[in-house]
Each structure stands twice: as C-alpha cells, then as structure tokens.
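Summary of the model geometry
Each chain is listed here by its residues.
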Amino acid sequence: MGRMNWMPETTSVAAWLIFLATYAVMALGKIPVYRIDRAGAALLGGSLMVTTGVLSLDEAYRAVDFNTIALLLGMMIVVANLQLSGFFRVITYWTAAYVRQPTSGSPARSAGGRLRDRPE
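Scope of this entry: the structure provided in the associated data block.

What the protein contains, in helices and strands, is six helices and two strands. Reading the protein from its N end, one meets helices and strands in the order α-β-β-α-α-α-α-α. Residues counted as buried form 12% of the 120 residues belonging to the protein. When the accessible surface of the protein is totalled, it reaches about 10600 Å², and 66% of it is carbon and sulfur.

Along the polypeptide, Thr22 turns up in helix 1 (residues 7-28). Those residues in contact with Thr22, other than ones at most four positions away along the chain, are Ala41, Ala42 and Gly45.

Take a nonpolar patch on the surface next. Where nonpolar side chains cluster on the molecular surface, the patch consists of Leu71, Leu72, Leu73, Met75, Met76 and Ile77 and spans about 610 Å² of accessible area. Mapped onto the elements, Leu72 comes out in helix 4 (residues 66-85). A relative accessible area of 43% means that Leu72 is categorised as partly exposed.

Moving on: the environment of Thr11. With respect to the secondary-structure elements, Thr11 resides in helix 1. For the pair Thr11 and Val54, spaced 43 residues apart in sequence, the C-alpha to C-alpha distance is 5.8 Å. Ignoring anything within four residues of it in the chain, the contact list for Thr11 reads Gly53 and Val54.

It is possible for side chains bearing opposite charge to pair when their charged atoms get close. Inspection of the entire model under this criterion finds one salt bridge. In this structure, Arg62 and Asp58 form a salt bridge, with 3.2 Å as the shortest nitrogen-oxygen distance. With Arg62 and Asp58 both in helix 3 (residues 57-63) and four residues apart, the pair spans about one turn of that helix. Residue classification places Arg62 among the exposed residues on the basis of a relative accessible area of 60%. The partly exposed category is assigned to Asp58, whose relative accessible area is 45%.

Turning our attention to unusual backbone geometry. For Arg35, which is not glycine, the phi dihedral falls at a positive 55°. Relative to the helices and strands, Arg35 is located in the loop between strand 1 (30-31) and strand 2 (36-37). Judged by relative accessible area, which is 78%, Arg35 ranks as exposed.

Taken as a whole and judged by the stated rule, the model has four aromatic pairs. When the centroid spacing of 5.5 Å and the interplanar angle of 70° are considered together, the rings of Phe87 and Phe88 count as edge-to-face. Phe88 gets classed as partly exposed once you look at its relative accessible area, which sits at 36%. An angle of 50° between the planes, with centres 5.4 Å apart, marks the rings of Trp94 and Tyr98 as tilted. Classification of Tyr98 as partly exposed rests on a relative accessible area of 25%. Following the ring pairs from residue to residue traces out a cluster consisting of Trp16, Phe19 and Tyr23.

Procedures and definitions
- Residues numbered from 1 in each chain as written.
- Predicted model: local features only at pLDDT ≥ 70, side-chain atom pairs only at ≥ 80, totals over all residues.
- Heavy atoms only, no water.
- Helix = DSSP H or I, 4+ residues; strand = E, 2+ residues; numbered from the N terminus.
- Buried < 20%, exposed > 50% of the residue type's maximum accessible area, 1.4 Å probe, protein only.
- Areas by Shrake-Rupley, 256 points an atom, 1.4 Å probe, with all protein chains shown as cover.
- Contact = heavy atoms within 4.5 Å.
- Patch = residues over 30% accessible without salt bridge, like charges linked within 9 Å, V, L, I, M, F, W, Y side chains within 5 Å.
- Salt bridge = Lys/Arg side-chain N within 4 Å of Asp/Glu carboxyl O.
- Phe/Tyr/Trp six-rings, centres within 6.5 Å; stacked < 30°, edge-to-face > 60°.

Take a look at the structure:
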C-alpha cells in the first residue's frame, strides 16, 4: 500500500517533452543558438529517449527501418550527382524560359498569363 509508482508517469512526461521539443526543431528547421539542424535534432531526440529510459537500446534499434535508411541514402547519392552534373541548373533555366508571364491588371488575371514565345 504505501509506495506510489511515479516512474511510469515521469517517463511518460519525459517522452512527451522530448517528442515535442524534437518536433518543434523539425518544424523550425534548426536552433540557431546551438547550431542543431533537423538531422541533429532527430539524433539528439532519439539519444535522449534512450538516455532517459523511455526506450531501451534494443527497442531503439528495432525502431529503425533500415530499408528506409537505404532508400534515403540512395536518393541522396543520386541528388548529389545530379547537382554536380548541373542538372538542376539546366532544369531551372529551362523552367524560367517557359514560365507564364504576368499580365497587367488584377492579380486574378495575372494568374492566367500567356506562355512566352520560345527563344530561338
């Protein structure tokens, strides 16, 4: 009878605080004072979840989907090579050449502008 079990409640509060803080950094993009970006916030949040006992180390390992990690790594490699080759610059110039030009008058009419003639 005498002892109250306060540990699960404390762990639950810690989990919510860590989650909300991590989510806030993800929404903002970075914390300027500490120079932590989104990836750093995710790593810090996960580390704090293990450190505070919200997750065991085994649970944290099982929470990682390595297929998703491999997919993201592959996409980052492809995007880095496309950037080095100048692909994005070419697409930007091509898009800018064929974008709709605003017309004079109201903003409602400028949304329906005409395509500019193709440069030759």
